[in-house]
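Next come the chains, spelled out residue by residue.
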Amino acid sequence: HNPVLDTWDFGRLDRTAWVDQSPVGRPVGADSGGYIYQHETSTDADGQPLNSWFETGYFNISEGDMLSFVDWILPDFRYGYVEGDQDAVVQLTLSYTDYPNGANVKSKGPYSVSVDTDYVNTRLRGRFLSTRFESSDLGSFWRLGAVKVRSTPDGKR
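Residues numbered from 1 in each chain as written. Predicted model: local features only at pLDDT ≥ 70, side-chain atom pairs only at ≥ 80, totals over all residues. Heavy atoms only, no water.

### Here we look at the overall build of the protein chain
Cut-off, in case you're wondering: Helix numbers and strand numbers start at the N terminus; a helix is a DSSP run of H or I with at least 4 residues, a strand a run of E with at least 2. We compute the radius of gyration from the C-alpha atoms alone; for a globule the expected value is 2.2 Å times N to the 0.38, where N is the number of residues. The classification of residues rests on relative accessible area computed with a 1.4 Å probe and restricted to protein chains. Under 20% of the type maximum is buried, over 50% is exposed, and intermediate values are partly exposed. Contacts are assigned to residue pairs that have any heavy atoms within 4.5 Å of one another. For accessible areas, the Shrake-Rupley method is used with a probe of radius 1.4 Å. Any residue's cover is judged against the shown protein chains and nothing else. Positive: Lys, Arg. Negative: Asp, Glu. His and the chain ends are not part of the count. Working definition for charges: the position is that of NZ of Lys, CZ of Arg, CG of Asp or CD of Glu.
From N to C terminus, the protein chain includes zero helices and 15 strands. In summary, the protein chain has a C-alpha radius of gyration of 20 Å against a globular reference of 15 Å for 157 residues, an excess of more than 25%. Principal-axis analysis of the C-alpha atoms gives the protein chain an extent of 60 × 35 × 25 Å. The buried share of the protein chain, reckoned over its 157 residues, is 30%. Excluding contacts between residues fewer than 6 apart, the proportion of contacts in the protein chain whose partners are at least 24 apart in sequence is 67%. Accessible area for the protein chain stands at about 10400 Å²; split by element, carbon and sulfur atoms hold 50% of it. Seen as two clouds, the 15 positive and the 22 negative side-chain charges of the protein chain have centres 11 Å apart.

Take a look at the structure:
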């Protein structure tokens, strides 16, 4: 659920009826077989891990015709619920390119980051960067913060 836009994401889910607010609190849906499901009650799917991910579009890491050298990514996550264990592991994959049309895309990773990860040594060179964060461990909950990129100008191509 996106609370800013007050909208729900979309996808394929066999539900013939749906209510986002119910007397039991969480969203409830029914399928064509007559089964009723309460949604968003845990971080897993019936005891199986959910593959959660978030991917950005490309953003500038340099201005104009300059390339940038990125040597560090400083991850900023909450690796569990506020009062719970901070034990989630997030996979970070970086895609980078020199041109906005995404031609000649290269990638680095995935890098495993956890509460014990201070930084990720990336050593890449480009103008545009995209980041993908994902996990599929059982019981995993994580929240993305303000990830920081350390870069320096690195000439023209």
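After that view, the rundown keeps rolling.
### Some thoughts on the sheet that holds strand S3 (residues 36–38)
Applicable threshold: Two strands pair if DSSP finds at least two bridges between them. For helices, the fitted axis covers only the stretch in contact; all axes are lines through C-alpha atoms, and the angles between them, taken along N-to-C directions, range from 0 to 180 degrees.
If you walk across this open sheet you meet the three strands as S1-S2-S3, and the pairing is antiparallel. In the strand order of this sheet, the two ends are held by strand S1 (17–19) and S3, each with one partner. Across the sheet, the mean angle from the axis of one strand to that of its neighbour is 15°, orientation sign disregarded. Judged from the three bridges that link them, strand S2 (residues 28–30) and S3 form a sheet pairing that is antiparallel. Within S3, the residue paired with Ala 30 across the bridge is Ile 36.

### Digging into the pairing of strand S13 (residues 128–135)
Of all the eight residues making up S13, seven are buried; the element is thus mostly covered by neighbouring parts of the structure. Sheet topology places strand S6 (residues 52–55) next to S13; four bridges connect them, and they run antiparallel. In the sheet register, Ser 52 faces S13, and the bridge partner there is Ser 135. Sheet analysis places strand S7 (residues 59–60) next to S13, joined by two bridges and oriented antiparallel.

### Re the side chain of Asp 44
Rules: Here a salt bridge means any side-chain nitrogen of Lys or Arg lying within 4 Å of a carboxyl oxygen belonging to Asp or Glu. We call two N or O atoms a polar contact when they sit within 3.5 Å, provided that within protein one can donate a hydrogen and the other can accept it, with sequence-adjacent residues counted only if both atoms are side-chain atoms.
Here Asp 44 is to be found in strand S4 (residues 44–45). It turns out Asp 44 is buried and unbridged, and the closest side chain with the opposite charge, Arg 26, is 13 Å from it. Among the polar contacts made by the side chain of Asp 44, one reaches the main-chain amide nitrogen of Gly 139 at a distance of 2.8 Å. With residues up to four places along the chain from it excluded, the contact list for Asp 44 reads Pro 49, Leu 50, Asp 137, Leu 138, Gly 139 and Ser 140.

### Considerations on the sheet that holds strand S15 (residues 148–156)
Taken in spatial order, the three strands line up as S12-S8-S15 in an open sheet, and their pairing is antiparallel. One side of each edge strand has no neighbouring strand; the edge strands of this open sheet are strand S12 (120–126) and S15. Going across the sheet, the axis of each strand differs from the next one's by a mean of 20°, ignoring polarity. In the sheet, strand S8 (residues 66–74) pairs with S15 via seven bridges, with the strands oriented antiparallel. If you follow Trp 72 over to S15, its bridge partner there is Arg 150.

### Details of the pattern of salt bridges
Evaluation of the coordinates by the stated rule reveals five salt bridges. Close ionic contact of Glu 55 with Arg 132 constitutes a salt bridge, the shortest N to O distance being 3.0 Å. Of this pair, Glu 55 sits in strand S6 while Arg 132 sits in strand S13, placing them 77 residues apart in sequence. Judged by relative accessible area, Arg 132 falls into the partly exposed class, the value being 21%. Across the pair Asp 65 and Lys 156 runs a salt bridge, and its minimum N-O distance is 3.4 Å.

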